[in-house]
Amino acid sequence: MGVAAVAVKDHFGLGWRGPLAAGILAELEQLDCLEIIAEAYDNLPSQQRHAVKYLSRQIPVTVHGVSLGLAANIAPSRKCIEKLARLGDELQAQTISEHLSFVRSQITATGSSASEAIEIGHLAAPPRNNSSVQRCCEHIQSVTKTFGRPLVLENIASLITPLGSELTETQWLTQILTATCAPFLLDLENLYANALNNNENPHELLIELPLNQVHTIHLSGGSWIETDWQKKRHARFLDDHQQDIPPTVFDLLEQAASLAPQSLTIIIERDGNFPSMKTLLEQLEKAKAAVTRVRAHTQPHRLKTPLVAEVNRHFTHNDNARIEHLLAQLFSDESQHKKWLENPQQSLADAHLGHFTDLLDNVDWIGVHLMARSVSLKNRKNVAKKNLSDESLRVASF
Amino acid sequence: MFPFNLPGPAFLGFYTILGLALSVLLWWYPRRVKSSSNVDHTRPFFNAPYSLAYLNLGANHCLSICAFNLIDRGLMTATETGYICSDAKFTKQVSQPLEHALIQYAAGTPKALFNANKNVLVKAALHSIKTQLVQQGLLHSNPVWLPIKLLCLSILAVAGITKIIVALNHGHTNIIFLVMIMSFFIIGVAIYAGPRVSTEGKETLSIMQGLLAQLHGRMSELKPGGFTQEATLAAALFGLSALPAEVFPYIHTILPPVPVSSRDDGRSSDSGSSSSSCSSCSSSSCSSGCGGCGS
């Protein structure tokens, strides 16, 4: 009997967002689960927190973290890990997930015990090399030990191929996922965005991933952003979660479901430019249809990509820490960014990376520029959102 | 010592303590019974905006929300004069008894929305919602606390009037402070004592408010067309006036009348807890409050 003959129950849900609340509650019967952003929940005032906790007793929820920075060279803080574990328990979450990204960097200044830390406020791709694979696996194991249950790991969208990368994204992800045996949160929109930005075929990238480990799938939409660079117009695809899901992502879902015989949880994420619930439910129905279409003849997927990639050099953990710190500076510090554009060799030297002269050969200048813009925009939006939220709280607490 | 023989200031102290004690009793009495069952009261409200509206602000608010929902779905029209009009054929397209009743009430000719609760069918549908809320322990039924309230009012009135008579008989005419304190307690108890909504009901409203709090920032993005119950649920909780008038331009015509008292079990109710307002009608056109816009 083939694997496909075994009954699988896929689950379909939405990301819980305050502005979508009324629609979600009204249509709760049509959803199998909700995904709650850990940091958003943690920042709620007590009345709203109590309400969301109540909701978590009504429908299965998953907790989704965005601030651990699992793939950073520096370890996630114990406080953040424990907080995420506590939220998972409080909400009786079925799973807890996090991104394979870095969100902060920290480096000890030479000749000093003081360390300089930068909080980016945005998910960023770390250097993809064997050293970051090793460090990331250590972090995942440490977090899993605290949680007492597997942590679900998500691939991120990136506007750039980070400096110091020697592995492709799929090689990097596959090495981490297979080494940790962790369940995989496959964000198809992220995969699609990265493929577009690197002129790759997302369907080919998909089959390079360990689809047998996929537990959850994220669907969302993004948009093109443009910039002028050296008198030419350049565009990149930004995964902003503010648009409808593009048809290719549904195709990718169908392909993924056809190669993943296990039960899947499919979540639609929407973070802004909110459509009517009707539109979101239609997209959910479309996702259900895509999965159902292929469920009858799903075949288990066998990885074709060799797991061990050939590398030219060995980046140490310290090198990675310096690269991440340089990237964090370029993304979030306008003066450093300007300095980098004027004299990149000097920026490398200042970051104690001067000996990697060939790093500059493959710099994605446009990507760095757009990433800095995206970080700045996101941080501004977060401030505005916080102000709006404070305002709405005042109105709501009548 | 017989309290009515107390000197003026001492009796005022006694009367104040009595008034406070009775107020505490009336505050405590309806809350003393908390449901011991594990029945989940809130979940049913996720897709029951009419019940939520009734629980939140009473019968008139419930009628407003129902009319809003029907208008948004294109099954009813609102005129500038605050009247509603529908067609009997639309009864086939609705499932809720209140919707059915309101369409029948307004079928053919325009009718005043807030006279609808005199219609037998509408009245029955509203009563059914109220009965369910009372049975769920979310609303207090009048009989539970009304006799206690009347008893407290009687005690306050009899004690005060008796002392006034005793004082006048003794030739003391300085009774103004007693009259003031007596009026304060009697009016206060008459208006505020005996909550309409039970502890469980308040908990339910609190959870719903908590879940939907962030919707305030998105009210302007709500879309008309009745595709989902989103706008209706939001309006049930935050009031119709919280909805964007440019998207739902008929809102001002179906706002409930200004309440005489918000404590009368919703026979009158307010026009939105978050922002009860006359936002869409100028003072000159509001001859009788919001609900009076053109009606």
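In every chain, residue numbers begin from 1 and rise along the written sequence. Chain labels run from A onward and ligand labels from 1 onward, assigned in the order the entries are written. Where totals are concerned, whole chains, interfaces and linings use all residues; where local detail is concerned, this predicted model gives features only for residues with pLDDT of at least 70, and gives and counts side-chain atom pairs only at 80 or more.

As a further point, take the overall build of chain B. Broken down by element type, chain B carries 9 helices and 3 strands. Put simply, DSSP marks the helices as runs of H or I at least four residues long and the strands as runs of E at least two long, and each gets a number from the N terminus on. Beginning at the N terminus, the succession of helices and strands in chain B can be written as α-α-α-β-β-α-β-α-α-α-α-α. Field definition: a residue is buried when 20 or more other C-beta atoms are found within 10 Å of its C-beta, exposed when 12 or fewer are, and partly exposed for counts in between, with C-beta atoms placed from the backbone. Relative to its full complement of 295 residues, chain B shows a buried share of 42%. We call two residues in contact whenever the C-beta atoms placed from their backbones are within 7 Å. Relative to all contacts within chain B whose residues are 6 or more apart in sequence, the contacts with residues 24 or more apart total 70%.

Glancing now at the sheet that holds strand 3 (residues 61–64) of chain A. Either a parallel or an antiparallel arrangement is found when strands of a sheet pair, and the pairing is made through backbone hydrogen bonds. Residues and elements named next belong to chain A. For two strands to be treated as a pair, DSSP must find no fewer than two bridges joining them. Here 8 strands make up a closed barrel; going around it, the order is 1-2-3-4-7-8-9-12 and the pairing parallel. When strand polarity is set aside, the average angle formed by the axes of neighbouring strands in this sheet is 25°. In terms of strand pairing, strand 1 (residues 11–15) meets strand 2 (residues 33–37) through 3 bridges, oriented parallel. Each residue of the ladder has a partner; that of G13, found in strand 2, is C33. The axes are straight lines fitted to the C-alpha atoms, using for helices just the contacting stretch, and the angles between their N-to-C directions are given from 0 to 180°.

The next point concerns the nonpolar core. By size, the foremost hydrophobic cluster in this structure holds 167 residues, and its most contacted members are L188, L253 and A256 of chain A together with C62, A67, L102 and A234 of chain B. The greatest single-element share of this core, amounting to 9 residues, is contributed by helix 3 (residues 59–72) of chain B. When residues no more than four places from it in sequence are discounted, the contact partners of L188 of chain A are I217, H218, L219, V249, L252, L253 and A256 of chain A. Joined through C-beta atoms within 7 Å, a set of buried Ala, Val, Leu, Ile, Met, Phe, Trp, Tyr and Cys residues constitutes a nonpolar core. Listed in part, the 10 residues of the second largest apolar core include Y15, C152, M182 and V189 of chain B.

For the rest of this paragraph, the subject is the confidence of the model for chain B. Residue and element names in this part refer to chain B. The predictor attaches a confidence to each residue, and that confidence, scored 0 to 100, is pLDDT. For chain B, mean pLDDT is 78; residues scoring 70 or higher make up 79% of the total. No element of chain B has a lower mean pLDDT than helix 6 (residues 142–169), at 83, and none a higher one than helix 4 (residues 97–105), at 95. A low-confidence stretch, residues 260–295 stays under pLDDT 50, and its non-local contacts, those more than four residues away or across chains, total 97 contacts.

Turning our eyes to something else, we now look at the sheet that holds strand 3 (residues 111–112) of chain B. Residue and element names in this part refer to chain B. The strand order 1-2-3 describes an open sheet built from 3 strands, whose pairing is antiparallel. Strand pairing shows two members of the sheet lacking a second neighbour, strand 1 (76–78) and strand 3, which therefore form its edges. Inspection of the sheet shows strand 2 (residues 83–86) paired to strand 3 by 2 bridges, in the antiparallel sense. When the bridges of strand 3 are listed, Y83 appears paired with A112. Along the sheet, helix 3 contacts strand 1 and strand 2; its crossing angle with strand 1, the most-contacted strand, is approximately 110°.

All names here are of chain B. In this structure, F14 sits in helix 1 (residues 8–28). Among the residues examined, F14 registers 16 C-beta atoms within 10 Å and is labelled partly exposed. A C-alpha to C-alpha distance of 31 Å links F14 and H140, two positions 126 residues apart in sequence. Apart from residues lying up to four places away in sequence, F14 is in contact with P3 and L6.

We now examine the packing of helix 2 (residues 49–57) of chain B against helix 3 of chain B. All names here are of chain B. In the contact formed by helix 2 and helix 3, the axes pass within 7 Å of each other and the chain directions differ by 150°. In terms of axis orientation, helix 2 runs roughly antiparallel to helix 3. The handedness of the crossing between helix 2 and helix 3 comes out as right-handed. Contact residues: helix 2 offers P49, Y50, A53, Y54, N56 and L57, while helix 3 offers A59, H61, C62, I65 and C66. Here the angle decides the label: under 35 degrees means roughly parallel, over 145 means roughly antiparallel, 65 to 115 means roughly perpendicular, and every other value means oblique. Less than a right angle of anticlockwise turn of the near helix away from the far helix marks a crossing as left-handed, whereas a clockwise turn marks it as right-handed.

What follows is about the confidence of the model for chain A. Low-pLDDT portions of the prediction should not be read for the details of their coordinates. Mean pLDDT over chain A works out to 87, with 90% of the residues at or above the 70 mark. Scored below 50 in pLDDT, residues 392–398 of chain A makes 13 contacts in the model with residues more than four places away or belonging to other chains.

Residue and element names in this part refer to chain B. Burial analysis of helix 2 places 9 of its 9 residues in the buried class, the great majority of the element. Of all the positions in helix 2, only P49, Y50, S51, L52, A53, Y54, L55, N56 and L57 are classed as buried. Buried residues along helix 2 sit in contact with helix 3, helix 4, helix 5 (120–135), helix 8 (199–212) and helix 9 (230–238). Directly beyond the C-terminal end of helix 2, a positive phi value near 100° is found at G58.

Looking now at the pairing of strand 2 of chain B. All names here are of chain B. Side chains of strand 2 alternate between two faces, with I84 and S86 buried and Y83 and C85 left unburied. Relative to strand 2, strand 1 runs antiparallel, the two sharing 3 bridges. Bridged to M76 within strand 2 is S86.

Glancing now at unusual backbone geometry. The bulk of non-glycine residues show a negative phi, and the bulk of peptide bonds are trans. Residues and elements named next belong to chain A. Positive phi is not limited to glycine here, since N199 has a value of about 50°. As for its position among the elements, N199 is in the loop between helix 7 (188–197) and helix 8 (202–206). Look at N199 and you get exposed, because 6 C-beta atoms sit within 10 Å. A positive phi is found at H352, a non-glycine position, where the angle reads about 60°. In this fold, H352 is placed in the loop between helix 13 (344–350) and helix 14 (365–396). Taking the number of C-beta atoms within 10 Å as the measure of exposure, H352 has 16 and is therefore partly exposed.

Turning next to the pairing of strand 8 (residues 184–187) of chain A. Residues and elements named next belong to chain A. Taking every second residue as pointing to the same face, both faces of strand 8 are buried, with F184 and L186 on one and L185 and D187 on the other. As judged from the 2 bridges shared by strand 7 (residues 151–154) and strand 8, these two strands associate in the parallel manner. Across the sheet, the residue bridging to L153 is F184, located in strand 8. Regarding topology, helix 6 (residues 169–180) serves as the crossover connection from strand 7 to the parallel strand 8, and that connection is right-handed. In this sheet, strand 9 (residues 214–219) lies alongside strand 8 in parallel orientation, the contact comprising 4 bridges. Classification remark: right-handed applies to a crossover when, strands pointing away from the viewer, the course from the first strand over the helix to the second runs clockwise.

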